[in-house]
Amino acid sequence: MSNPFEGARVKAKEALARTVVKVLKTKGYEAVYAPTKEAALEEVLKLIPGGASVGVPGTVTVREIGAMEKLKERGCAVYHHWDPSLTPEQRSQALMDEYCADYYLTSANAVTRDGKIVSIDGNGNRVSGMAWGRSTIVFVIGVNKVAADLEAAIERSRHAAPPNVLRISGDTPCVHTGHCVDCDSPARVCRVLLILERAVPSRKTHVIMVGEDLGF
Ligand code: SF4
């Protein structure tokens, strides 16, 4: 049975995502709206040509839209370090390959209504690739990641930690409480915070704002 309230929910999400697209354009980003994850994938495929190399750091969103499989089908070399079959040496090489690829395809943990893109890492590799590099960046961000302001964006970013820790069968205090306790755990995954206030001028940065919930 269809949900009679779904239409209103979809429209409200579209309005919010489009608002953020407008703001991001004023901050130097090439930003577009995609209503669904399928449309987001189409936008990714418009931006990344066949044969290009693509680095995919730790991102659930990019995997959820099916981008990695489609890019491989069109002959792209897709580098990612989440492959559990990698040896430590291969994983280390994959991290470098991600960083040095033609395109850096990722998400963020949050984006504020005034256009700040916020991400928190445990190792810093993902945010390093967002902050500087020679690649073209493509962000895919679900509307669930829009936060009212910077404080809310950082809070939201830490809410992403418990499912991310559970994804790798890790154990941090937030896995048990369901919220951040600013832990001192050796397994802490919140160590490096990046706030992009504007697009970095030396490289092109695309943002695809999706009108659906994606990622953690
Ligand atoms: S409890 Fe630790 S790992 Fe969990 S969100 Fe807070 S700082 Fe991050």
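Our structure's up above, just so we're on the same page.
None of the values given here were measured: they were computed from a predicted structure.

> Go over the overall build of the protein chain, please, and point to the residues and values.
Secondary structure summary: the protein chain contains nine helices and 10 strands in total. Against the globule reference of 17 Å for 216 residues, the protein chain gives a C-alpha radius of gyration of 17 Å, in line with a compact fold. In the protein chain, buried positions account for 42% of the 216 residues.

> Summarise the sheet that holds strand β6 (residues 117-121); cite the residues concerned and give the values.
Across the sheet, four strands lie side by side as β8-β5-β6-β9; this open sheet has mixed pairing. Both edges of this open sheet fall to β8 (146-147) and β9 (192-196), since each of them pairs with a single strand only.

> Explain the site of the ligand residue by residue, including any values.
For the ligand, the set of nearby residues contains 13 residues, the closest of which are Ala161, Cys174, Cys180, Cys183 and Cys190. Residues of the shell around the ligand, tallied by class, amount to eight nonpolar, two polar and three charged.

> Talk me through unusual backbone geometry; I want residue IDs and the actual numbers.
Although it is not a glycine, Ser169 sits at a positive phi angle of roughly 55°. Relative to the helices and strands, Ser169 resides in the loop between α8 (161-167) and α9 (173-177). The residue Asp182 is not glycine, and still its phi comes out positive at about 50°. With respect to the element layout, Asp182 can be found in the loop between α9 and β9.

> Explain the sheet that holds strand β7 (residues 136-142) to me, and be specific about the residues and the numbers.
On the basis of which strands lie adjacent, the open sheet formed by six strands has the order β1-β10-β7-β4-β2-β3 and parallel pairing. Of all strands in the sheet, those bounded by a partner on one side alone are β1 (30-34) and β3 (77-79). Strand-to-strand, the axes of this sheet are offset by a mean angle of 20°, without reference to chain direction. Its contacts with the sheet place helix α2 (residues 37-47) against β1, β4 (103-106), β7 and β10 (205-210), and it is angled at close to 165° to β10.

> Can you explain the nonpolar core? Please cite residues and give values.
Ranked by internal contacts, the top residues of the largest apolar core, which has 48 residues, are Val140, Ile208, Met209 and Val210. It is β7 that contributes the most residues to this core, five residues altogether. Residue contacts for Ile208: discarding those within four places in its chain leaves Val32, Ala34, Ala40, Glu43, Val44, Val138, Phe139 and Val140. Ranked by size, the runner-up nonpolar core spans eight residues in total, among them Ile120, Ala160, Val165 and Phe216.

> A description of the environment of Lys145 should follow, citing residues and the corresponding values.
Mapped onto the elements of the fold, Lys145 is located in the loop between β7 and β8. Along the sequence, Lys145 and Leu24 sit 121 residues apart, while their C-alpha atoms lie 14 Å from each other. Look past the residues within four positions of Lys145 in its chain and what remains in contact with it is Ala108, Asn109, Ala110, Val111, Arg156 and Gly215.

> Give me the environment of Gly133: which residues, what numbers.
Within the secondary structure layout, Gly133 lies in the loop between α6 (125-131) and β7. For Gly133 and Val143, which are 10 residues apart along the polypeptide, the C-alpha to C-alpha distance reads 26 Å. With sequence-adjacent residues up to four places away left out, Gly133 is seen in contact with Tyr99, Tyr104 and Arg203.

> Just give me the short version of α2, but keep the residues and values in it.
Taken residue by residue, α2 has Lys37, Ala40, Leu41, Glu43 and Val44 as its buried positions. Projected down its long axis, α2 carries its buried residues within an arc of 160°, all on one side. For α2, the exposed residues set more than 90 degrees away from the buried face come down to Glu38 and Lys46. Those residues of α2 that are buried lie in contact with β1, α3 (60-64), α4 (67-73), β4, β7 and β10.

> Can you break down the environment of Ser135 residue by residue, with the values?
Structurally, Ser135 can be placed in the loop between α6 and β7. Distance from Ser135 to Glu14, taken between C-alpha atoms, is 29 Å for residues 121 residues apart in sequence. Apart from residues lying up to four places away in sequence, Ser135 is in contact with Gly55, Ala101, Asp102, Tyr103, Tyr104 and Arg203.

Here is what the cut-offs are and how they apply
Residues numbered from 1 in each chain as written. Predicted model: local features only at pLDDT ≥ 70, side-chain atom pairs only at ≥ 80, totals over all residues. Helix = DSSP H or I, 4+ residues; strand = E, 2+ residues; numbered from the N terminus. Rg over C-alpha atoms; globule rule 2.2 N^0.38 Å. Buried ≥ 20, exposed ≤ 12 C-beta atoms within 10 Å, placed from the backbone. Pairing = 2+ DSSP bridges. Near = placed C-beta within 6 Å. Nonpolar A, V, L, I, M, F, W, Y, C, P; charged D, E, K, R; others polar. Axes fitted to C-alpha atoms, helices over the stretch in contact; angles between N-to-C directions. Contact = placed C-beta atoms within 7 Å. Core = buried A, V, L, I, M, F, W, Y, C linked by C-beta atoms within 7 Å. Arc of directions from axis to C-beta.

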